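# Fold and geometry: a report
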Amino acid sequence: MRQLTFKEAVTEALAEEMARDDKVFLLGEDIGLYGGVFGATKGLMETFGPDRVRQTPISESAIVGAAVGASMLGLRPVAEIMYFDFVATCMDQIINQAAKTRYISAGQCTLPLVIRTQAGGGRGKGCHHSQYVEAFFFHVPGIKIAVPSNAYDAKGLLKTAIRDEAPVLFIENAFLYNTQGEVPENEYTVPLGQAKVLREGSDLTLIAYSAIVNKCVQAADELAQKGVSVEVIDLRTLVPMDMDIVLESVKKTSRAVVVHEAVRKGGVGAEIAATIMEKALDYLDAPVGRVGAMETPVPFAEPLESAVLPSTQNIHEACQAVMGSA
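Only a predicted model underlies this, so the values are computations on that prediction, with no experimental measurement involved.

Now for the pairing of strand β5 (residues 114-119). Residues in a regular strand point their side chains to alternate faces of the sheet. Within β5, six of the six residues are buried, which leaves it mostly tucked inside the rest of the structure. A two-sided burial pattern is seen for β5, the buried positions comprising Val-114, Arg-116 and Gln-118 on one face and Ile-115, Thr-117 and Ala-119 on the other. Pairing between strand β4 (residues 76-81) and β5: four bridges, direction parallel. The residue of β5 that forms the bridge with Ala-79 is Ile-115. Here β5 runs beside strand β7 (residues 168-173); their pairing, made up of six bridges, is parallel. Looking at β7, one finds that Val-114 is bridged to Val-168.

Here's what the structure looks like:
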């Protein structure tokens with residue numbers, strides 16, 4: 001084991017997969033000599049050359065469209081969309097082409113395609129650079145979604161995504177890029193659809209993904225000081241989703257709170273909560289709690305942004321409410 005930042009883990013995964021398979025190539029804005037706006041592709045153009053690290057015009061529809069075509073012809077493109085917000089300009093390419101080509105070709109055409117992007121607020125970048133919109137794609141059959149919360153999972157999940165035969169939306173978070181974690185020196189992968197229990201507990205289950213997992217662990221630590229034992233589950237991927245581990249935990253604790261940074265209304269958490277109530281209702285001692293962002297664009301002003309996005313305190317209060325309603 002050695003310590004790597006989340007960003008270094010992403011870079012290492014890309015480099016290793018490009019060295020392993022010459023069909024893997026990257027495309028996106030400023031990903032070449034500049035190394036990407038967040039530095040995740042730094043050094044890769046020097047190592048693999050401009051044919052395999054392709055800088056593109058500022059056109060997300062062209063980036064994803066080219067990646068879809070390349071994957072249909074047997075290559076394994078990793079397309080970078082600088083901010084998750086910008087996927088709105090390439091929805092047709094993702095939803096109507098990438099997600100459906102394998103189906104309409106009756107499996108004759110596979111789509112080994114990864115779309116890397118970064119999401120999330122808290123940095124004062126305003127409403128066009130701060131959104132989590134994973135629910136758009138969660139609703140569409142044919143797309144897998146990975147949402148790592150740490151360096152180990154970032155590398156392992158990205159390597160798995162690149163090797164997959166289906167399109168994978170790989171959502172990173174800029175707040176995580178400089179966070180460090182243990183990453184093995186040896187080859188490893190993390191399967192899609194396998195959640196992980198980060199903290200065991202007996203009174204309540206917290207379910208989350210991406211960067212806000214860390215706030216859930218913090219809230220669980222605070223609640224432990226008040227005598228509440230909280231189990232924290234990191235989903236790691238949304239499609240496929242490991243509901244077995246979630247249901248097993250809820251049947252043990254009898255209470256659950258689902259947390260995500262995306263707007264609470266119509267979010268992935270609603271599907272998780274509904275599934276828990278459908279399949280584990282008899283085990284519940286209280287309604288499933290949900291925590292998410294307020295129903296408003298993410299503000300630029302720091303005090304307003306902090307009020308809109310879910311905080312550790314919001315998670316803490318939601319857990320107390322679920323405990324109190326038992």
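So much for the structure itself; the text now carries on.
Under the defined criterion, the tally for this structure stands at two cavities of 30 Å³ or more. Quantified by volume, the largest cavity comes out at close to 60 Å³. Together, 13 residues line the largest cavity, and Phe-38, Glu-80, Arg-116, Glu-172 and Tyr-177 are the ones closest to its centre. Counting residues per element, the ones that place at least two in the lining of the largest cavity are β4 and β5. Take the lining of the largest cavity: its biggest share by element is three residues, from β5. The residue makeup of the lining of the largest cavity, split by class, is six nonpolar, four polar and three charged. In terms of lining residues, the second largest cavity is bounded by Ile-94, Ala-98, Ile-115, Phe-137, Ile-143, Pro-167, Val-168 and Leu-169.

Once that is clear, we can look at the packing of helix α3 (residues 60-72) against helix α4 (residues 91-98). Where α3 contacts α4, the two axes come as close as 8 Å, and the packing angle between them is 25°. With respect to α4, the axis of α3 lies roughly parallel. For the pair α3 and α4, contact is made by Ser-61, Val-64, Gly-65 and Val-68 and by Gln-93, Ile-94, Gln-97 and Ala-98, respectively. Among the residues forming the contact of α3 with α4, the class breakdown is four nonpolar, four polar and no charged.

So, on to the sheet that holds strand β2 (residues 24-28). Note: strands within a sheet are paired through backbone hydrogen bonds, in either parallel or antiparallel orientation. Strand order in the open sheet formed by seven strands is β3-β2-β4-β5-β7-β6-β12, with mixed pairing between adjacent strands. Of all strands in the sheet, those with a lone pairing partner are β3 (53-55) and β12 (237-239), marking the two edges. If you compare each strand with its neighbour and ignore which way they point, the axes differ by 20° on average. Relative to β4, β2 is paired through five bridges, and the arrangement is parallel. Bridging across to β4, Val-24 finds its partner in Arg-76.

This part takes up the packing of aromatic side chains. Within this structure, the stated rule accounts for seven aromatic pairs. With centroids separated by 5.5 Å and ring planes inclined at 65°, the aromatic side chains of Tyr-83 and Phe-86 adopt a geometry described as edge-to-face. The rings of Phe-6, Phe-38, Tyr-83, Phe-86 and Tyr-177 are connected pair by pair, giving a single aromatic cluster. Directly above the ring of Tyr-152 sits Lys-196, whose terminal nitrogen or CZ lies 5.9 Å from the centroid.

This brings us to the nonpolar core. Soluble globular proteins tend to bury their nonpolar side chains together. Ranked by internal contacts, the top residues of the largest apolar core, which has 51 residues, are Phe-137, Leu-235, Val-246 and Ile-276. Setting aside its immediate chain neighbours within four residues, Val-246 contacts Ile-207, Ile-233, Leu-235 and Ile-276. The next biggest cluster of nonpolar side chains, apart from the first, holds 36 residues, and it includes Ala-9, Val-53, Leu-158 and Leu-176.

The strand order β9-β11-β10-β13-β14 describes an open sheet built from five strands, whose pairing is mixed. Two strands in the sheet have a free side with no partner beyond their single neighbour: β9 (196-199) and β14 (289-293). If you compare each strand with its neighbour and ignore which way they point, the axes differ by 25° on average. Strand direction decides the pairing type here: strand β10 (residues 204-208) and strand β13 (residues 256-263), joined by three bridges, are parallel. Looking across to β13, one finds that Ile-207 is bridged to Val-258. Packing against the sheet, helix α10 (residues 268-279) makes contact with β10, β13 and β14, and its axis sits at approximately 160° to β13.

The rules behind each value
- Residues numbered from 1 in each chain as written.
- Predicted model: local features only at pLDDT ≥ 70, side-chain atom pairs only at ≥ 80, totals over all residues.
- Heavy atoms only, no water.
- Buried < 20%, exposed > 50% of the residue type's maximum accessible area, 1.4 Å probe, protein only.
- Helix = DSSP H or I, 4+ residues; strand = E, 2+ residues; numbered from the N terminus.
- Pairing = 2+ DSSP bridges.
- 1 Å grid on protein atoms, 1.4 Å probe; cavity = no way out; pocket = protein on both sides within 12 Å on 5 of 7 lines; lining within 4 Å.
- Points joined across faces, edges and corners; volume = space filled by probe spheres on them.
- Nonpolar A, V, L, I, M, F, W, Y, C, P; charged D, E, K, R; others polar.
- Axes fitted to C-alpha atoms, helices over the stretch in contact; angles between N-to-C directions.
- Parallel < 35°, antiparallel > 145°, perpendicular 65-115°, else oblique.
- Contact = heavy atoms within 4.5 Å.
- Phe/Tyr/Trp six-rings, centres within 6.5 Å; stacked < 30°, edge-to-face > 60°.
- Lys NZ or Arg CZ within 6 Å of the ring centre and 35° of its normal.
- Core = buried A, V, L, I, M, F, W, Y, C linked by side-chain atoms within 4.5 Å.

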